[in-house]
Amino acid sequence: MCPAASLCHASAPRFFASLRLSYRGGGAAGLSLAYYLAQEPRLAHKRVLLIEPETKDENDRTWSFWASEPTLFDGLAVGEWSKIAFRSPGFERVFALGKYRYRTIRGLDFYQFVHRALAARPAQFTVVRGRVATVENLPAGARVTTEEGVIFNAVYVFDSRPPRMQRQTGKYRYLLQHFVGWEIETDRTVFDPEVVEFMDFRGEQHHEARFMYVLPFSPRRALVEYTLFSAQPLAKEEYEQYILDYVVNTLRLKPGDYQIVAQEQGAIPMTDHPLPARAGAHVINLGTRAGRAKPSTGYAFRRIQAQSARLVAALAATGHPPPDPTGDRWQFRLFDTLLLDIMQRRGETTRDLFRQLFERNPVERIFRFLDEKTSWADNLRIMNSVAPGPFMRSIAQVLRGRPGQR
Ligand SMILES: Cc1cc2nc3c(=O)[nH]c(=O)nc-3n(C[C@H](O)[C@H](O)[C@H](O)COP(=O)(O)OP(=O)(O)OC[C@H]3O[C@@H](n4cnc5c(N)ncnc54)[C@H](O)[C@@H]3O)c2cc1C
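Sequence order sets the numbering: in each chain, residues are counted from 1 along the sequence as written. Local features in this predicted model are restricted to residues whose pLDDT is 70 or higher, and side-chain atom pairs enter the listing and the counts only when it is 80 or higher, whereas totals over whole chains, interfaces and linings include all residues.

Novice: Hey, could you run me through the packing of helix α1 (residues 28-38) against helix α2 (residues 107-119) in this one?
Specialist: The geometry of a pair of packed helices is captured by two quantities: the angle between their axes and the separation between those axes. Where α1 contacts α2, the axes come no closer than 10 Å and their chain directions differ by 35°. The interaxial crossing formed by α1 with α2 has left-handed handedness. Together, Leu31, Ala34, Tyr35 and Ala38 of α1 and Phe110, Tyr111, Val114, Ala117 and Leu118 of α2 make up the contact between the two elements. Its residues assigned to classes, the contact of α1 with α2 comprises nine nonpolar, no polar and no charged. Throughout, an axis means a line fitted to C-alpha atoms (over the contacting stretch in the case of helices), and angles, computed between N-to-C directions, take values from 0 to 180 degrees. Helix and strand assignments follow DSSP, with helices taken as H or I runs no shorter than four residues and strands as E runs no shorter than two, numbered in order from the N terminus. Here a crossing is taken to be left-handed if its near helix is turned anticlockwise relative to the far helix by less than a right angle, and right-handed if that turn runs clockwise. By the convention adopted here, residues make contact when the C-beta atoms placed from their backbones lie within 7 Å. Each residue gets one of three labels, nonpolar for Ala, Val, Leu, Ile, Met, Phe, Trp, Tyr, Cys and Pro, charged for Asp, Glu, Lys and Arg, and polar for the others, Gly among them.

Below, the structure is given as structure tokens:
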């Protein structure tokens, strides 16, 4: 096997012989799969090679997710909350999450934790620094060639390189979840550490979906992020201006009352462009490359864990990845496409849709729906809770096979 960000399950040790070894690197999906593999005693005899070009020795992202049961990485959480707030003009509510918890993990803590676990099994895991150029599916295995010209053969390759999409704008929808966040420390109590500001849509929408997101780590420290669901990133100063407005007008802080201790910037693809989880009998795609960033929300971390668990369970039971590496259900792809279509066609209605969702459904049902675990009955309840007009027009677009345009 091979995540590359490819994990290669090498067929013979000679493939490692000429390589410089490095115990750094790997992204969310490659390292998650490696960690799940390391936890499975039935796969302890499999040799795994991880190829990654970056040192990944910085905190390049922070992952937040909700979960109703314990997860393998809970011990790394730097924050855990049992309440979230939703705000939009005319509707504001703080929701108790019931059996769910919202948690945050820093990327660097995750990278280091997984690398320590892999380093503890040197006979099983090898990590090399390299940039994969090609991955070929062969009749009896797969071959990875790095840009340095080094070749690895493996029984299976798991590929988590970022996807390269040939955009087909007449057929699919292409948006981004993009954001800039400041982690700030204040000189006095400002934040309610019990409540995540999940979506604060009270600001100007500019015909798009724009909201503030605040993760309060303590009464004096929080990540304050300006987030958009739209087609084009903004100039960094624009996001920063909106964060500043929030800091001044909502948090009531003046310059000098706070300092920025860390920053985050990102763009996550939100698209219904097909991102297949299989690239051949011996090549499995992972992470964003396999459509694990949910098209209508951009959340990916839990979906990546679910894919890792599914792959490892099948490998342990049968020796092979499952025929369907994600278990996605078609009706949820359709819901994602409809929501993307509305966001692309009339982005400013997005906040009304989310308002109706939060006003008319228990939060646990919303989370289950976004986790794609709701029953048909609950899906109907969700659909009935939002105004049908925008959906009807997007259904018409889907039937015509054309994305809606503004
Ligand atoms: C700033 C940011 C914040 C996010 N926050 C959240 C969040 O709060 N919650 C959530 O659910 N999701 C979040 N996401 C979305 C998603 O969880 C992350 O993008 C996640 O890292 C995706 O995992 P991945 O393995 O697909 O990609 P990555 O983690 O980006 O890993 C891809 C790896 O491939 C390597 N690579 C690239 N090219 C090559 C090559 N040619 N050969 C070998 N390796 C290569 C890269 O160096 C990288 O390590 C966030 C994304 C970003 C960018």
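After that view of the structure, there is still more to cover.
Novice: It is not clear to me how the environment of serine 32 should be interpreted in this structure. Could you clarify?
Specialist: Along the chain, serine 32 turns up in helix α1. For the exposure call, what matters is how many other C-beta atoms sit within 10 Å of a residue's own: 20 or more marks it buried, 12 or fewer exposed, and in between partly exposed, using C-beta atoms placed from the backbone. With 29 C-beta atoms counted inside 10 Å, the residue serine 32 sits in the buried group. Sequence-distant contacts of serine 32, that is, excluding residues within four places in its chain, are made with Ile304, Gln305 and Ser308.

Novice: Even after reading the chapter, I still don't get the confidence of the model for the protein chain, so can you show me in this structure?
Specialist: Low pLDDT marks regions whose predicted coordinates should not be analysed in detail. Chain-level statistics for the protein chain give a pLDDT mean of 92 and a share of 94% at 70 or above. pLDDT is defined as a per-residue confidence score from the predictor, taking values between 0 and 100. With pLDDT under 50 throughout, residues 1-6 is counted as low confidence; its partners more than four residues away or in other chains account for 50 contacts. Counted against residues more than four places away or in other chains, residues 8-25, with its pLDDT under 50, gives 53 contacts.

Novice: How should I be thinking about the domain arrangement of the protein chain in this particular structure?
Specialist: Size of an interface, as often reported, equals the accessible area lost when the parts are brought together. For each domain, the first and last residues come from an automatic or database assignment. Looking at the assigned domains, one finds that the protein chain contains domain 1 (2-59 + 106-166 + 273-318), domain 2 (174-271) and domain 3 (330-400). Listed per partner, the contact involves four residues of domain 1 and four residues of domain 3. Split into classes, the residues belonging to the side of domain 1 that touches domain 3 amount to one nonpolar, two polar and one charged.

Novice: Which parts of the structure should I look at to understand the environment of glutamine 356?
Specialist: Here glutamine 356 lies in helix α6 (residues 350-360). When the 16 C-beta atoms within 10 Å are taken as the criterion, glutamine 356 is described as partly exposed. As a C-alpha pair, glutamine 356 and serine 385 span 29 residues in sequence and 6.4 Å in three-dimensional space. With near-sequence residues (within four places) excluded, glutamine 356 lies in contact with Ser385, Val386 and Ala387.

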